[in-house]
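Overview (structure and organization)
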Amino acid sequence: MQIIGHKWIFLTVSGLLVVASIVLIIVLGFRPGIDFSGGTLWQIKFGQAPTQDELMQFLVAPPIGLHAALVIPETTTNSFIIRVPEMREADHRIDADLLAKKFGPFDELRFETIGAAVGQELRGKAITAFFGVLIGISLYIAFAFRKVSRPVASWKYGIITLVTLFHDALIPAGLFALLGYLLNIEVDTNFIVAILVVMGFSVHDTIVVFDRIRENLRLSGTGRNDFDMLVNTSVNQTMARSINTSLTVILVLIALYFFGSPTLRYFVMTIGVGTIVGTYSSIFVASPLLTIWRKRT
């Protein structure tokens, strides 16, 4: 398959997706979960569900009086997510009894409370973890390829890996910014963990391709004279392995999405989207960028 010869097509597709994701993140932003903003999240499912307005009016009126409450319908589980600044356990039990008397018995799917200070600390640690992983992986790649100096220096492998990891993280992030706007989906620590998992899958595929390029350079000797052809051959040699590995992961994630816990559904979806994007970038982005950088230097 001629991948390097059509690299500008693949890079254009990736560029459009990245630009669209950046625009969505800047314009729409994320809807932070209580992990980052602090407060109480209460998810309940009624047997005979009231409307969103009925539930909201009952929560803000006496005797409950949760004036800052936010009620979000959760369509996948046919439930409601109630967000309030903070709720004590004693108030939680009282409010649960009042809701049951008004609208009938209900199932409590989640009840989580996190303080504002803890939420800010988690947000800072999540950002630190994200950039720490990016820098750490890039430095490791540069070190692992330190004996490859021609025709592309080893540190350039690390920089290209950094670019592809940003690519793989931005696209799922842009998708969640859109879903947050359309479906009120929140970003929490599960999302950060999923992004870090995606980066791990992505760098694995990228290393496989780069390692085959390194091996072919060592074996060919004269392969440096036609670096584009050598890279194209290396990508084709590893493509089936990368796709098959990712496909097995996708099949497991599909099963988890439809038959697993509803609370992990968006976590699974993030990993699934990121795995597809990461496989694409390791084949159609990382290696073409390597040949472009070589020609410019």
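Residues numbered from 1 in each chain as written. Predicted model: local features only at pLDDT ≥ 70, side-chain atom pairs only at ≥ 80, totals over all residues. Heavy atoms only, no water.

Some thoughts on the confidence of the model for the protein chain
Do not read the predicted coordinates in detail wherever pLDDT is low. Taken over all residues, the pLDDT of the protein chain has a mean of 85, while the share at 70 or more is 94%. When pLDDT is averaged over each helix and strand of the protein chain, the minimum, 76, is found for helix α2 (residues 34–37) and the maximum, 94, for helix α1 (residues 7–28). (pLDDT = per-residue confidence, 0-100. Helix = DSSP H or I, 4+ residues; strand = E, 2+ residues; numbered from the N terminus.)

Topic: the pattern of salt bridges
Enumeration over the complete set of coordinates arrives at 5 salt bridges. Between Asp91 and Arg88 there is a salt bridge whose closest N-O contact spans 3.2 Å. Look at Asp91 and you get partly exposed, because its relative accessible area is 28%. Arg88 gets classed as exposed once you look at its relative accessible area, which sits at 60%. (Salt bridge = Lys/Arg side-chain N within 4 Å of Asp/Glu carboxyl O. Buried < 20%, exposed > 50% of the residue type's maximum accessible area, 1.4 Å probe, protein only.)

Quick notes on helix α6 (residues 154–183)
Over its 30 residues, α6 extends 44 Å from the first C-alpha to the last, a length consistent with the 44 Å expected when each residue adds 1.5 Å. Of the residues flanking the end of α6, it is Asn184, one or two places downstream, whose phi is positive at about 60 degrees. (Expected span 1.5 Å × (residues − 1).)

Digging into a nonpolar patch on the surface
Among the surface-exposed residues, Val19, Ile22, Val23, Ile26, Val27, Leu28, Leu178, Tyr181, Leu182 and Leu183 lie close enough to one another that they form a single nonpolar patch of about 950 Å² accessible area. Every element with two or more residues in the nonpolar patch is listed here: α1 and α6. The leading source of residues in the nonpolar patch is α1, at 6 residues. By the secondary structure assignment, Leu183 is in helix α6. Note on Leu183: relative accessible area 47%, which makes it partly exposed. (Patch = residues over 30% accessible without salt bridge, like charges linked within 9 Å, V, L, I, M, F, W, Y side chains within 5 Å. Areas by Shrake-Rupley, 256 points an atom, 1.4 Å probe, with all protein chains shown as cover.)

A closer look at the sheet that holds strand β1 (residues 39–46)
Read from one edge to the other, the open sheet built from 4 strands follows the order β2-β3-β1-β4, with strand pairing classed as antiparallel. Every interior strand has two partners, whereas the edge strands, β2 (70–74) and β4 (106–114), have only one. Pairwise comparison of adjacent strand axes, ignoring direction, gives a mean angle of 15 degrees for this sheet. Two elements, β1 and β4, share 8 bridges in a ladder whose sense is antiparallel. If you follow Leu41 over to β4, its bridge partner there is Glu112. On the sheet, helix α3 (residues 52–60) packs against β1, β2 and β3 (79–84) and is oriented at approximately 150 degrees with respect to β2. Contacts from helix α4 (residues 89–103) reach β1 and β4 within the one sheet, and its direction differs from that of β1 by about 25 degrees. (Pairing = 2+ DSSP bridges. Axes fitted to C-alpha atoms, helices over the stretch in contact; angles between N-to-C directions. Contact = heavy atoms within 4.5 Å.)

Quick word on the nonpolar core
Grouped together as the largest cluster of nonpolar side chains are 38 residues, with contacts concentrated most on Ile3, Tyr157, Phe176, Phe210, Ile213, Val235 and Leu290. Put simply, the parts of the chain that give this core at least two residues each are α5 (116–144), α6, α7 (189–220), α8 (227–259), α9 (265–284) and α10 (286–296). Top contributing element to this core by residue count: α7, with 8 residues. Counting residues in hydrophobic clusters, the runner-up holds 18 residues, among them Ile44, Leu59, Val84 and Ala96. (Core = buried A, V, L, I, M, F, W, Y, C linked by side-chain atoms within 4.5 Å.)

Some details on unusual backbone geometry
Residue Pro63 is bonded to the preceding Pro62 through a cis peptide linkage, with omega at 10 degrees. If you trace the backbone, Pro63 turns up in the loop between α3 and β2.

Concerning the layout of surface pockets
Considered as a void within the structure, the largest pocket measures approximately 590 Å³ in volume. In this structure, the largest pocket is lined by 28 residues; those nearest its centre are Ile81, Arg110, Glu186, Thr263 and Tyr266. Broken down by secondary-structure element, the contributors of at least two residues to the lining of the largest pocket are α2, β1, β2, β4, α6, α7 and α9. Taken together, the residues of the lining of the largest pocket sort by class into 13 nonpolar, 9 polar and 6 charged. Each pocket or cavity is described by its volume, and for the second largest pocket that value is around 490 Å³. Looking at the second largest pocket, it is lined by 17 residues, and the ones nearest its centre are Phe30, Ile127, Val187, Phe191 and Ile192. Mapped onto the lining of the second largest pocket, the elements with two or more residues apiece are α5, α6 and α7. Of the residues in the lining of the second largest pocket, the class split is 16 nonpolar, no polar and 1 charged. (1 Å grid on protein atoms, 1.4 Å probe; cavity = no way out; pocket = protein on both sides within 12 Å on 5 of 7 lines; lining within 4 Å. Points joined across faces, edges and corners; volume = space filled by probe spheres on them. Nonpolar A, V, L, I, M, F, W, Y, C, P; charged D, E, K, R; others polar.)

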